[in-house]
Amino acid sequence: MSTWQDMERKYYMFVVRRQPVVIVRGQGAKVWDEDEKEYLDFTAGWAVNNLGHCHPAVVDAIRSQAATLMQTSNQFYTIPQLQLAQALVGNSCLDRVFFSNSGAEANEGAVKLARKYGKLHRNGAYEVITALNSFHGRTLAMVAATGQPHYQENWKPLASGFVNVDYNDLSAIKRATNDRTCAVMLEPVQGEGGVIIPEEGYLKAVREWCDQNNLLLIFDEVQTGLGRLGTLWGYQAFGVEPDVMTLAKGLGGGVPIGAFLAKEACAVLEPGDHGSTFGGNPLTTAAANAATRYLIENDIPSRAREMGAYLKKGLEALKAKHSFITEVRGMGLLIALQFSADISGKVVTACNTEGLLLNPVRPNAIRLMPPLTITRQELDEGLQRLERGMLQAVEQR
Ligand SMILES: *Cc1c(COP(=O)(O)O)cnc(C)c1O
C-alpha cells in the first residue's frame, strides 16, 4: 500500500485526495484491495458500473472486439457504432446521436448544437441557461456551465455564453431568458450537487417555457441515464421529453464513452461542425452496445427502482434509530443520506475500514450509488457496514 501511495505522491498530479485503498479487482457489486480485503462498492466507479464490475456481457464484447478491430477513424463506417446508435435512438425519444469520450465532452457537443440552432433559428442566440449547484464537467466551457463557484474560481475568465440560475425556480429561468438565449440545460436530478430532486412540476414548466420561446431543452443525463433513477432515462421519471440529451458514465459498462442525442428538428450539425478521433470507436461502442442492450433486455431499470426502494427503506430505518441522520433523499439507486453535522468525510473513512465504499458528496451528506444489479443481501450487508461506520465516526467527534 505505502509503495503505491509514495508513487502517487511522486508522479501523479495532486488533483484528488484519495482514500487509502488500492483497488485491484472487481466483480459485481464488490471490489478487492491488494490484501484481498473485500468492499461493497456503493460508488460503482462514480455511477458508472450500472451492471456491476466486469459484467460478463461487457467483458465478452470487449474481448472479442479488441481482437477484431479497436480503432479506425470516423471517415469509415464501423458496425458496433451503428448498433449502439440504433439501440439508443430506438429506445429513447431522441432521433440522432453523436459519440464522444466523456460526459463533459458530450455536454460540449450539446452546447455546440444549441448554438448552431440559435444561429439558424433564433437570430444568432447563443446563451445557455444552467442551474446553480449543477455539475456538467471540467472542461473550460463546462466549468462555466457548472453553477458551483468552487469549480469556477481558478479558471477565470470563464467561457462566456452561460448564465447560472437557481434550480427549482422557473421564474429565475424566465428572468434570465432574452434574445441571446438559445437553450436551457439541466440535470433531471442534480447528482454531484448532493442528489437534489426537482420539485413537482418544475421540469414540465421549464419544458413549456422552452416551447413558448423556441429554446432547446437539454437534459444532462450523464448520471441519471441508463437506469440509475429506476427508469431507462431520467426524463421518463418526470414525463418530460428533452430536445437534447447527454450521456456518459453508465453508458459504456465501464469503458470511457459519452454521447449526445437530439430530436430530428434540432439535429442541426453538418459535416465539418463536430468530430472526434476516438469518439464512437469500435472498442468502446461494442462495450456500450453490449451494456446498453443487456440493461434494456433484462429490464435493469425496474430492478434499480425495486432495489432503490429497498435501500431507502433500510436507510429510513437507520434514520429512525439515529438522530444524527436528518434526511434520506433520492430516486432509484441514486440516494443521499444527510447528517446533522459535517461528518461525511469521517463516515466514509470509517466505512472503508468496515468494507464499504461511499462518496462524501457534501460535507454533511454521503451519496449511495451502487451497481443496479446489486442484491438484497448485499444491500443488507452494506447497511450493516454503514451503521457500524457511522457510529464509529460519531463516537470520534
Ligand atoms: C459526471 C458528470 C459529468 C462529467 O462527466 P465526465 O465523464 O467526468 O466528463 C457531467 N454531467 C453530470 C451530470 C455528471 O454527473
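Structure shown above.
Reading guide: rules and limits
Residues numbered from 1 in each chain as written. Predicted model: local features only at pLDDT ≥ 70, side-chain atom pairs only at ≥ 80, totals over all residues. Heavy atoms only, no water. Helix = DSSP H or I, 4+ residues; strand = E, 2+ residues; numbered from the N terminus. Contact = heavy atoms within 4.5 Å. Phe/Tyr/Trp six-rings, centres within 6.5 Å; stacked < 30°, edge-to-face > 60°. Buried < 20%, exposed > 50% of the residue type's maximum accessible area, 1.4 Å probe, protein only. Lys NZ or Arg CZ within 6 Å of the ring centre and 35° of its normal. Axes fitted to C-alpha atoms, helices over the stretch in contact; angles between N-to-C directions. Parallel < 35°, antiparallel > 145°, perpendicular 65-115°, else oblique. Left-handed = near helix turned anticlockwise from the far one by under 90°. Nonpolar A, V, L, I, M, F, W, Y, C, P; charged D, E, K, R; others polar. Expected span 1.5 Å × (residues − 1). Arc of directions from axis to C-beta.

**Q** Help me understand the environment of Ala87 in this model?
**A** Within the secondary structure, Ala87 is located in helix 4 (residues 79-90). What Ala87 contacts, discounting residues up to four positions off in sequence, is Asn289, Thr292, Arg293 and Ile296.

**Q** Honestly, the packing of aromatic side chains in this entry has me stumped. Any pointers?
**A** When we look at a pair of aromatic rings, we describe it by the centre distance and by the angle of the planes. The full count for this structure, using the stated rule, is 4 aromatic pairs. Taking the centre distance of 5.4 Å and the plane angle of 35 degrees together, the rings of Phe98 and Phe260 count as tilted. Pair noted here: Phe98 is in strand 4 (residues 96-100) and Phe260 is in strand 10 (residues 258-262), with a separation of 162 residues, a long-range link. Both rings, one in Tyr167 and one in Tyr202, keep their centres 5.4 Å apart while their planes meet at 70 degrees; by these two values the pair is edge-to-face. Taken together, the positions of Tyr167 in the loop between strand 6 (162-165) and helix 8 (170-176) and Tyr202 in helix 9 (residues 202-213) put the pair 35 residues apart, joining distant regions of the chain. Like Tyr202, Tyr167 is buried. Geometry around Trp32 places Arg25 over its ring, the cationic atom sitting 4.4 Å from the centre. Directly above the aromatic system of Tyr310 lies the positively charged group of Arg376, at a separation of 5.0 Å from the ring centroid.

**Q** Even after reading the chapter, I still don't get the packing of helix 4 against helix 11 (residues 282-297), so can you show me in this structure?
**A** Between helix 4 and helix 11, whose axes approach to 8 Å, the crossing angle comes to 30 degrees. With respect to each other, helix 4 and helix 11 are oriented roughly parallel. Relative to helix 11, helix 4 is oriented so that their crossing is left-handed. Where helix 4 approaches helix 11, its residues Pro80, Gln81, Gln83, Leu84, Gln86, Ala87 and Leu88 are matched on the opposing element by Pro282, Thr285, Ala286, Ala288, Asn289, Thr292, Arg293 and Ile296. Here the residues of the contact of helix 4 with helix 11 are counted per class, giving 8 nonpolar, 6 polar and 1 charged.

**Q** Sorry, what's going on with helix 12 (residues 300-321) here?
**A** Count 3.6 residues to each turn of an α-helix, and residues three or four apart come out pointing the same way. With 22 residues, helix 12 should reach 32 Å at 1.5 Å per residue; the first-to-last C-alpha distance of 31 Å fits that figure. Those residues of helix 12 lying buried are Ile300, Pro301, Ala304, Met307, Gly308, Leu311, Gly314, Leu315 and Leu318. Seen along its axis, helix 12 keeps its buried residues to an arc of 135 degrees; they face one direction. Along helix 12, exposed side chains directed more than 90 degrees from the buried face belong to Lys313 and Ala320. The secondary structure elements touched by the buried residues of helix 12 are helix 11, strand 11 (325-331), strand 12 (334-339), strand 15 (365-368) and helix 14 (376-396).

**Q** Even after reading the chapter, I still don't get the packing of helix 13 (residues 344-354) against helix 14, so can you show me in this structure?
**A** Two measures define how a pair of helices packs: the angle their axes make with one another and the distance between the axes. For the pair helix 13 and helix 14, interaxial distance at closest approach is 8 Å and the crossing angle is 130 degrees. Taken together, the axis directions place helix 13 and helix 14 in an arrangement best described as oblique. As for how helix 13 packs across helix 14, the hand of that crossing is right-handed. Counted together, Lys346, Val347, Ala350, Cys351 and Glu354 of helix 13 and Arg385, Leu386, Arg388, Gly389, Met390, Gln392, Ala393 and Gln396 of helix 14 form the full contact between these two elements.

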